Amino acid sequence: MRASVLRDGRMTYRDDVPDPVPGPGQVLVAVRACGICGSDLHFAAHGAEVLALTAQLTRGRGGMDVDLSRDIFMGHEFSAEIIEAGPDTETLPPGTLVTSLPVLLSAKGAEPIVYSNITIGGYAERMLLSAPLLIPIPSGLDPKHAALTEPMAVGLHAVNRSNIRPGETALVLGCGPIGIAIIGALRLRGVEAIVAADFSPKRRELATALGAHQALDPAEGSPFDTVKPAVVFEAVGVPGIIDDVLLRARPGTRLVVAGVCMQPDTLHPFFAIAKEINVQFVLAYAPDEFAESLRAIAEGNIDVSPLITGEVGLDGVGAAFDDLADPERHCKILVTPQGAGQ
């Protein structure tokens, strides 16, 4: 079958990948759409660093078992159609449109569908999913929109961890896909004052489309000169941002860090101590948040259509990775294995 794989830091098209075969508790699905995630872009550029930091974090136990010298499968923001079930597996009937938490269960344990030399992800015609983790896509929902359930769940988790209340003001720093997802989740939670900040005019426009009440350009001055938020969401992920927030935020601010900074960073604890700032780091989502995000998209409470700025087939994934470097051109590019526009 056809797939796009990471090889030597570049996405490469293949038409000779063996078809996956479902085992007990698994289903074979045809991928309908898969979003390209910023973490995939980062792994393509800095895979060795990601693996080294993960090994350091886990002290060599339970880290990512990925060989960078071999082809790597990726793609964890997907929607799909059930083809067939594995042996002794009760599940939804063939033809059902589904999405799922990006985890494959097997006799060997749980394998995250993120970066793997073995487990095929959403940048392929077909992949395996775990029957117990399948969530049917509500009738009438475009599978392309359903593919954005996963990134929207990341934003919902960040908002839930903030414990923000509807009457409080939120400031979202960075309006890439995760910042946009946070804005959508804030609106879902009924927050009445959502301020976004990004250097990109296109991203500020998307922030407004997703529910931001005000979008600021940091080039024209610090957002903290304009707004006094109760909660700040950091979705930039570059060194220096956290320390700047600690310096500029008012006493009692809650800072939620969703941006993934891979470089060492420096901050002054004194700023946070003097103002009793609460700092919360967040990652991923819980299963109930994933399901709630799908429901919110299906019911029209979050409109993800403005995020989708491009579509490519499997042979166009490499070029799409390059194109996503320009925030004025793209927010989220979908990979549609049947071909762009189909």
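An account of the accompanying structure is given in this report. (Residues numbered from 1 in each chain as written. Predicted model: local features only at pLDDT ≥ 70, side-chain atom pairs only at ≥ 80, totals over all residues. Heavy atoms only, no water.)

Here we take up the pattern of salt bridges. Summed over all chains, the structure comprises 15 salt bridges. Close ionic contact of Arg-10 with Asp-322 constitutes a salt bridge, the shortest N to O distance being 2.9 Å. Linking Arg-10 in strand 2 (residues 10-14) with Asp-322 in helix 9 (residues 317-323), this pair joins segments that are 312 residues apart in sequence. With relative accessibility at 41%, the residue Asp-322 sits in the partly exposed group. In this structure, Asp-71 and Arg-14 form a salt bridge, with 2.9 Å as the shortest nitrogen-oxygen distance. Of this pair, Asp-71 sits in the loop between helix 1 (38-58) and strand 4 (77-85) while Arg-14 sits in strand 2; the two residues are 57 residues apart in sequence, bridging distant segments of the chain. Each of Arg-7, Arg-14, Asp-16 and Asp-71 takes part in salt bridges that share partners, so that together they form one network. (Salt bridge = Lys/Arg side-chain N within 4 Å of Asp/Glu carboxyl O. Helix = DSSP H or I, 4+ residues; strand = E, 2+ residues; numbered from the N terminus. Buried < 20%, exposed > 50% of the residue type's maximum accessible area, 1.4 Å probe, protein only.)

Turning next to the nonpolar core. With 44 residues, the main nonpolar core has Ile-36, Phe-43, Met-74, Tyr-123, Met-127, Leu-129 and Phe-321 as its most contacted residues. At the level of elements, strand 1 (3-7), strand 3 (26-35), helix 1, strand 4, strand 8 (126-130), helix 9 and strand 17 (332-335) are the ones that each hand at least two residues to this core. Top element by residues in this core is strand 3. It accounts for five residues. For Ile-36, the residues in contact, after removing those within four places along its chain, are Leu-41, Glu-77, Tyr-123, Val-317, Ala-320, Phe-321, Leu-324, Lys-332, Ile-333 and Val-335. One finds Leu-141, Ala-230, Val-282 and Ile-297 within the second-largest nonpolar core, a separate group that totals 42 residues. (Core = buried A, V, L, I, M, F, W, Y, C linked by side-chain atoms within 4.5 Å. Contact = heavy atoms within 4.5 Å.)

For the pair helix 3 (residues 149-162) and helix 4 (residues 177-188), interaxial distance at closest approach is 7 Å and the crossing angle is 60°. As summarised for this structure, helix 3 and helix 4 are arranged oblique, according to the angle between their axes. Note that helix 3 runs across helix 4; the crossing there is right-handed. When helix 3 is examined against helix 4, the residues Pro-151, Met-152, Val-154, Gly-155, Leu-156, Ala-158 and Val-159 are found in contact with a partner set consisting of Ile-178, Ala-181, Ile-182, Ala-185, Leu-186 and Leu-188. Broken down by class, the residue content of the contact of helix 3 with helix 4 amounts to twelve nonpolar, one polar and no charged. (Axes fitted to C-alpha atoms, helices over the stretch in contact; angles between N-to-C directions. Parallel < 35°, antiparallel > 145°, perpendicular 65-115°, else oblique. Left-handed = near helix turned anticlockwise from the far one by under 90°. Nonpolar A, V, L, I, M, F, W, Y, C, P; charged D, E, K, R; others polar.)

The parallel open sheet is built from six strands, whose spatial order is 12-11-10-13-14-15. The open sheet has two edge strands with one neighbour each: strand 12 (214-216) and strand 15 (278-281). In this sheet, neighbouring strand axes are inclined to one another by 20° on average, regardless of whether the strands run parallel or antiparallel. Set on the sheet, helix 3 makes contact with strand 13 (231-234), strand 14 (254-257) and strand 15; between it and strand 13 the angle comes to about 150°. (Pairing = 2+ DSSP bridges.)

Honestly, that's just the spatial picture; any functional story needs more than this.
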